Amino acid sequence: MEQRLANTWRMTNNEKKFIESVLASDLRVDGRRPFDYRDLTIKFGREQGLSEVQLGQTRVMSYVTSQLVQPYRDRPNEGTLSIFTEFSPMADPSFEAGRPGEFAVELGRVIDRGLRESSAMDMESLCVVVGKSVWSIRVDLHIVDNGGNLIDAANIAALVALLTFRRPDCTLGGDDGQELIMHDAEVREPLPLIIHHLPIAVTFAVFGEGNIMVIDPTHKEEMVMGGKMTFTMNSNGDICAVQKAGGVGVMSSIIMQCLQIASAKAADITSKIKHAVEIYNTERASQKANHYLLEVANQVSLSDVIMKEKQVENLIEHLAYMPLDELENSNQGDALAVDTRTKHESISQGRYTRAFVRGPANWDPYSRGISSRLATSFPTLPGFWCVLLGPKTFLLETEETTLLHAENSLG
Amino acid sequence: MVGLSEGEKRFIRGGIAQDLRTDGRQRLHYRPISVETGVIPQANGSARVRLGATDVIVSIKAELGKPHPLQPDKGKVAIFIDCSPTAAPMFEGRGGEELSTELSFALQRCLLGGRSGAGAGIDLSSLVIVEGKVCWDLYIDGLVVSSDGNLLDALAAAIKVALSNTGIPKVTVNLGASPNDQPDVDVSDEEFLQFDTSGVPVVVTLTKVSRHYIVDATSEEESQMSSAVSISVNRHGHICGLTKRGGAGLDPSVILDMISVAKHVGEQLMSLLDSEIAAAEASAEDQ
Amino acid sequence: MEYVDSLTGFRLDGRRPNDMRQIRGEIGVVAKADGSALFEMGNTKVIAAVYGPREVQNRSQQVNNQALVRCEYSMANFSTGDRARRPKGDRRSTEISLVIRQTMEACILTHLMPRSQIDIFVQVLQADGGTRSACINAATLALADAGIPMCDIVTSCSAGYLSSTPLLDLNYIEDSAGGPDVTVGILAKMDKVTLLQMDAKLPMDIFENVMQLAIEGCKAIAQYIRGVLLENTKQLECRRGV
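Residues numbered from 1 in each chain as written. Chains lettered and ligands numbered in written order. Predicted model: local features only at pLDDT ≥ 70, side-chain atom pairs only at ≥ 80, totals over all residues. Heavy atoms only, no water.

Undergrad: What's the story with the overall build of chain A in this structure? I'm lost.
TA: The helix and strand inventory of chain A stands at 9 helices and 17 strands. Counting across all 411 residues of chain A, residues that qualify as buried make up 50%. At a minimum sequence separation of 6, the contacts of chain A that also span at least 24 residues come to 70%. Summing over all exposed atoms, chain A offers an accessible surface of approximately 20,100 Å²; the carbon and sulfur share of this is 51%. (Helix = DSSP H or I, 4+ residues; strand = E, 2+ residues; numbered from the N terminus. Buried < 20%, exposed > 50% of the residue type's maximum accessible area, 1.4 Å probe, protein only. Contact = heavy atoms within 4.5 Å. Areas by Shrake-Rupley, 256 points an atom, 1.4 Å probe, with all protein chains shown as cover.)

Undergrad: In this structure, what is going on with the pattern of salt bridges? I would like to understand it.
TA: Between side chains of opposite charge, a pair can form as their charged atoms come close. Here the structure, examined in full by the defined rule, presents 37 salt bridges over all chains. Between Arg101 of chain C and Glu102 of chain A there is a salt bridge whose closest N-O contact spans 2.9 Å. With one member in each of two chains, Arg101 of chain C in helix α1 (residues 91-107) and Glu102 of chain A in helix α3 (residues 102-116) form a pair that bridges those chains. For the residue pair Arg101 of chain C and Glu102 of chain A, the accessibility class agrees, reading buried in each case. What you see here is one network of salt bridges that share partners, running through Arg11, Asp13, Arg15, Arg21, Asp128, Asp169 and Glu174 of chain C. (Salt bridge = Lys/Arg side-chain N within 4 Å of Asp/Glu carboxyl O.)

Undergrad: Explain the nonpolar core to me, please; I cannot follow it from the model alone.
TA: Across soluble globular proteins, you tend to see nonpolar side chains buried next to one another. By size, the foremost hydrophobic cluster in this structure holds 131 residues, and its most contacted members are Leu141, Phe231 and Ile273 of chain A together with Met104, Ile108, Val184 and Phe207 of chain C. Per-element tally for this core: the top contributor is helix α4 (residues 204-240) of chain C, with 14 residues. Residue contacts for Ile108 of chain C: discarding those within four places in its chain leaves Val69, Met113, Ile118, Leu143, Ile148, Pro149 and Met150 of chain C. (Core = buried A, V, L, I, M, F, W, Y, C linked by side-chain atoms within 4.5 Å.)

Undergrad: Explain the packing of α3 of chain A against helix α4 (residues 150-164) of chain A to me, please; I cannot follow it from the model alone.
TA: Each packed pair of helices is defined by two parameters, the angle between the axes and the distance between the axes. Residues and elements named next belong to chain A. Remark: α3 packs on α4, axes separated minimally by 10 Å, with the N-to-C direction vectors making an angle of 50°. Relative to α4, α3 is oriented oblique. Crossing hand, α3 versus α4: right-handed. Packed against α3, whose contacting residues are Leu107, Val110, Ile111 and Leu115, the element α4 presents Leu150, Ile151, Ala154, Asn155, Ala158, Leu159 and Leu162 at the interface. Across the contact of α3 with α4, the residue classes break down as 10 nonpolar, 1 polar and no charged. (Axes fitted to C-alpha atoms, helices over the stretch in contact; angles between N-to-C directions. Parallel < 35°, antiparallel > 145°, perpendicular 65-115°, else oblique. Left-handed = near helix turned anticlockwise from the far one by under 90°. Nonpolar A, V, L, I, M, F, W, Y, C, P; charged D, E, K, R; others polar.)

Undergrad: Would you mind showing me how to read unusual backbone geometry here?
TA: Glycine aside, the phi torsion of most residues is negative, and most peptide linkages are trans. Residues Gly52 of chain C and Pro53 of chain C are joined by a peptide bond in cis, for which omega reads -10°. Tracing the backbone through its elements, the reader meets Pro53 of chain C in strand β3 (residues 44-55). The backbone phi angle of Asp26 of chain A is positive, close to 65°, even though this residue is not glycine. Note that Asp26 of chain A resides in the loop between α2 (13-24) and β1 (40-44). The backbone phi angle of Asp169 of chain C is positive, close to 55°, even though this residue is not glycine. Structurally, Asp169 of chain C is set in the loop between β7 (165-168) and α3 (172-175).

Undergrad: How do you make sense of the interface of chain B and chain C when you look at a structure like this?
TA: By a frequent convention, interface size equals the accessible area lost on bringing the separate parts together. Of the residues lining the interface, 31 residues belong to chain B; the matching set on chain C comes to 26 residues. The junction of chain B with chain C conceals about 2,400 Å² of combined surface from both sides, 56% of it contributed by carbon and sulfur atoms. Counting across the interface, chain B meets chain C through 1 salt bridge. For Arg70 of chain C, the salt bridge identified is with Glu92 of chain B, shortest N-O distance 2.8 Å. Run the count over chain B and chain C and you get 9 residue pairs in polar contact (both at pLDDT 80 or more). Elements represented by at least two residues in the side of chain B that touches chain C include exactly β3 (54-65), β4 (76-83) and β6 (134-146) of chain B. Residues that form the side of chain B that touches chain C fall into these classes: 16 nonpolar, 8 polar and 7 charged. (Buried area = accessible area lost by both parts, 1.4 Å probe. Polar contact = N/O pair within 3.5 Å; in protein donor to acceptor, adjacent residues only side chain to side chain.)

Undergrad: It is not clear to me how α4 of chain A should be interpreted in this structure. Could you clarify?
TA: Since the α-helix packs 3.6 residues into each turn, any two residues three or four apart lie on the same face. Between its first and last C-alpha, α4 of chain A extends 21 Å over 15 residues, near the 21 Å set by a 1.5 Å rise per residue. Most of α4 of chain A sits out of view: 14 of its 15 residues are buried. (Expected span 1.5 Å × (residues − 1).)

Undergrad: Help me understand the UniProt feature "domain: Exoribonuclease phosphorolytic" (unreviewed entry) in chain B in this model?
TA: Under the present numbering, the feature "domain: Exoribonuclease phosphorolytic" (unreviewed entry) in UniProt falls on residues 30-169 and 199-263 of chain B. Note that residues 199-263 of chain B is 25% helix and 40% strand, and that its end C-alpha atoms are spaced 15 Å apart. (UniProt positions renumbered as here; feature names shortened; annotations may be inferred.)

Undergrad: Explain helix α2 (residues 131-145) of chain C here, please?
TA: Residues and elements named next belong to chain C. Over its 15 residues, α2 extends 21 Å from the first C-alpha to the last, a length consistent with the 21 Å expected when each residue adds 1.5 Å. Counting buried positions along α2 yields 13 of 15 residues, so the element is predominantly enclosed. Just downstream of α2 lies Gly147, where phi reads positive at about 75°.

Undergrad: What is the right way to look at the interface of chain A and chain C in this model?
TA: Contacts between the two partners involve 39 residues from chain A and, on the opposite side, 36 residues from chain C. Both faces combined, the contact of chain A with chain C buries some 3,400 Å², and carbon together with sulfur accounts for 58% of it. Run the count over chain A and chain C and you get 18 residue pairs in polar contact (both at pLDDT 80 or more). Elements supplying a minimum of two residues to the side of chain A that touches chain C: α1 (2-8), α3, β14 (238-250) and α6 (252-299) of chain A. The dominant element in the side of chain A that touches chain C, judged by the number of residues it contributes, is β14 of chain A, at 13 residues. Across the side of chain A that touches chain C, the residue classes break down as 17 nonpolar, 12 polar and 10 charged. Both β14 of chain A and strand β9 (residues 192-203) of chain C contribute to a ladder of 8 bridges, which runs antiparallel. In the sheet register, Gln243 of chain A faces β9 of chain C, and the bridge partner there is Gln197 of chain C. (Pairing = 2+ DSSP bridges.)

Undergrad: Looking at this structure, I do not really get the UniProt feature "domain: Exoribonuclease phosphorolytic" (unreviewed entry) in chain A. What am I missing?
TA: Summarizing the sequence annotation, UniProt attributes the feature "domain: Exoribonuclease phosphorolytic" (unreviewed entry) to residues 37-168 and 197-264 of chain A in the numbering used throughout. End C-alpha atoms of residues 197-264 of chain A are separated by 16 Å, and the span's content is 28% helix alongside 47% strand.

Undergrad: Before we go on, may I ask you to explain the pairing of strand β13 (residues 227-233) of chain A in this structure?
TA: Walk down a regular strand and you will see the side chains alternate between the two sheet faces. Residue and element names in this part refer to chain A. Counting buried residues along β13, 6 of its 7 residues qualify, which places the element largely inside the surrounding structure. As defined by bridge partners, β13 adjoins β14 across 4 bridges and the pair is classed as antiparallel. Paired with Met233 across the bridge in β14 is Ile239.

Undergrad: Please clarify how the pairing of strand β3 (residues 58-69) of chain A should be interpreted in this entry.
TA: All names here are of chain A. With 6 bridges connecting them, strand β2 (residues 50-55) and β3 associate as antiparallel partners. By the bridge assignment for β3, Leu55 is matched with Thr58. Where β2 hands over to β3, the hairpin turn is made up of 2 residues, of which Gly56 adopts a positive phi near 65°. Examined bridge by bridge, β3 and strand β6 (residues 133-145) share 11 bridges and lie antiparallel to one another. Looking at β6, one finds that Tyr63 is bridged to Asp140.

Undergrad: What's the story with the sheet that holds strand β10 (residues 212-215) of chain B in this structure? I'm lost.
TA: Residue and element names in this part refer to chain B. Read across the sheet, 4 strands follow the order β10-β9-β11-β12 without closing on themselves; strand pairing throughout is antiparallel. Every interior strand has two partners, whereas the edge strands, β10 and β12 (239-245), have only one. For this sheet, the mean inter-axis angle between neighbouring strands, taken without regard to orientation, is 25°. Sheet strands in contact with helix α3 (residues 151-165) are β9 (202-209) and β11 (227-233), and its direction is about 170° off that of β9.

Undergrad: What should I look at first to understand the packing of aromatic side chains in this one?
TA: Geometrically, a pair of aromatic rings is defined through the distance of the ring centres and the angle of the planes. All names here are of chain A. Enumeration according to the criterion identifies 5 aromatic pairs over all chains in this entry. A centroid spacing of 6.4 Å and a plane angle of 65° characterise the contact between Phe35 and Phe204, whose relative ring orientation is edge-to-face. In this pair, Phe35 is assigned in the loop between α2 and β1 and Phe204 in strand β11 (residues 200-207), connecting sequence segments 169 residues apart. Take Phe35: its relative accessible area is 31%, and that puts it in the partly exposed class. A ring pair is formed by Phe44 and Tyr280, whose centres lie 4.3 Å apart and whose planes are at 15°; its orientation type is stacked. One end of the pair, Phe44, is in strand β1; the other, Tyr280, is in helix α6, and 236 residues separate them in sequence. (Phe/Tyr/Trp six-rings, centres within 6.5 Å; stacked < 30°, edge-to-face > 60°.)

Undergrad: What's the story with the sheet that holds strand β4 (residues 68-75) of chain C in this structure? I'm lost.
TA: Neighbouring strands of a sheet are bound in pairs by backbone hydrogen bonds; such pairs are parallel or else antiparallel. Residues and elements named next belong to chain C. On the basis of which strands lie adjacent, the open sheet formed by 5 strands has the order β1-β2-β3-β5-β4 and mixed pairing. Edge positions in the sheet fall to β1 (23-27) and β4, since each has one partner strand and no second. Each strand of the sheet is rotated relative to its neighbour by a mean of 15°, with strand direction disregarded. Bridge count between strand β2 (residues 35-41) and β3: 7 bridges; the pairing is antiparallel. Across the sheet, residue Phe39 finds its bridge partner in β3, namely Val46.

Undergrad: I keep staring at empty space enclosed by the protein and nothing clicks. Help me out?
TA: One way to see where empty space is left: roll a probe the size of a water molecule over the atoms. Enumeration according to the criterion identifies 5 cavities of 30 Å³ or more in this entry. Volume-wise, the largest cavity comes out at about 50 Å³. Gln42, Ala43, Ser59, Lys61 and Asp141 of chain B together with Asn77, Phe78, Thr80, Gly81 and Arg83 of chain C together form the lining of the largest cavity. Class assignment of the residues belonging to the lining of the largest cavity gives a composition of 2 nonpolar, 5 polar and 3 charged. (1 Å grid on protein atoms, 1.4 Å probe; cavity = no way out; pocket = protein on both sides within 12 Å on 5 of 7 lines; lining within 4 Å. Points joined across faces, edges and corners; volume = space filled by probe spheres on them.)

Here is the structure:
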């Protein structure tokens, strides 16, 4: 209430009257029909479990992390899920930094109810050692821009982040078989979360005497509305949660009608989410495949350079996941297998380059009797990726083309 | 609370000076007290005391715990008071915290005696089960539902009544094999031991308004007080605790006089409460 | 666990699936408040106190054309079976305070009291399921006792779905069974739903049945509340010597 009251003074009476009267003729200010959603854009971040959703002007970012914790006493074999919301003041002047206001708490609880109570996530698969350690999944929702209908956008962001999040694999090992070993991403493939169904929140704004409903209200419509209803449904026709916290009264027949509409919208959004996640997953899978190619190449014996196997492995691990922004070897390829992909948006360059440049000393290309041609000529070619498949055989890839130059066949 | 006008303030002060208060009472009269026991069925003991418009509910819960290492032969008692916002709008959110902590401490001082547990109104040694290992932890939770002055007296009376209503479950102890083992305690669901409340004191608050002191002030009279002294008196007429509130200084002779008045009034209050407790028990048995 | 006995059809506490618990409402329990009420639904006991309309305490929140409604929900330490020190202002209390406030705001004629503030404080003395509904019912009685103009009375009731049967007015054991819990608040005369909350999964057609059952329960409570208010008014008339 305080938030709305603090904002209402910014809206002129003309605007208010206009929105209300125009709704009476089934029109909305941005030209949509009453039951149309705004454009939905789903973006993914570099890390897994990071997503950004844009619904019209509303932007919400979501970040999923996991941690091993002790389980609750009354649920020793289940993991935990917690949702934290942050209403950044840059999203809306009425949001205050620090303590969450009423609406932040409500949003967190509605999304939490939709995910937890409807058992959308499988909590028992998060158990590692019964009664001692389970995975605790934490979802952080950051509201970046409040263009109205935060609940729907935040819900989609949370779902997308959960779908793309991968948690580290861990096994019991050690001397007594009781120690928990968490495996690095390179050693063992991180696991996805088991999600049974996707609860999608669909919000209706109620105007007038409770007979005018619209879906996906914008910020201005929210300031004028008499009440709000959120239905969280999945594509199987189940209702996962309902939230209508007071506001203008609505006939129960209208509520059932809205449920039907919400069901259709939920199915629609589910397919959009699945589509986006699928594209993202295939992209990541193809990136991984390229990395594996690298590893295969290095198992071929290289006659010119002698190095210890362990150091090779170390280096492969460093190389496989670190794009470089300078070519460390020429493409005349004699001795080295190098990943020289450039990423224009490489975030922490220092981290990446450091690992390569300061590899084990006897992997230094300059110190091991490599032909001096290599040592002298070092053109910097962005966007190249060169894999050595054997002496005088190399595979050269750019973003667009793949060339295979082979003088000898693979040994 | 809406402020008082000058005329009203004079009326209150004048009335007290003439031994005729706003509601017709004399200076040393209590408002009618009504007592109800067993209002919270899931607690070990509970009581609700109404002192005029002041309404407080006290609930007592007993849980198994470990005695304090310095006092292995005594149980533990903790008193928590909460001021509900229904009593006054200013108690909303954390507004009532200050008053709550003040009341909690005052009651602890009056009822629980010193740090060593000596002189406690409640007999703590009756709470021990296995010396040094297992004892009863009593949690006394008070809630102020409606506040019209004299909260301390009402809460203390409610605690006394609730204690008399408290049933501690009977325990059978199975001692472990070695003396260092944690003994196995079997808590019975059926039999209860009534708590011994003969030593529990009552609290009498004397509020000094100009030159006279009154007992059981309403919140309007409290707003006119210069200082107040709360004295806890037990059945034998002994003083168990004393708290002075308010900024005005008091002459020691005045305090001694107040103490003797409190003893006198305390006796009357004690007998009144005893009869109320007996009546409540009788009606509970009838049911 | 069998929540509805398959042979007799009785629930754990002996009620039938469509039976509500014993309800009791009392007006004027907190003498100092402008309006107050105690409402019991079975073992759930709730006190509501209303202070207002009075001057707005925080000038920045003052609204020039209507009254500001504030609400706080708090649970006593001893209200649940296991005594737990409740921190004031935890997320559940904040959400329930928001829900109760918006529900009561829907029925109070706020435009008749501009630049003023109405405080609704709800204190749970005993919690045995359905605390939200009991709070709303108690708040309605308290607002009526305070003489605050309302367009209609708001009543609330909860319903669930366990052992394939819609059950009315869940108690704590049934509530914590993990099945769906639908809380409905209606404006009695206008027959409109103002509060609707549900958690846990439920197919759409069953949801309609459960919601209708809860609405029936609300209507029954509305009748009882009307009775209590009429009785109270008669007593006031008596005391005035009319």
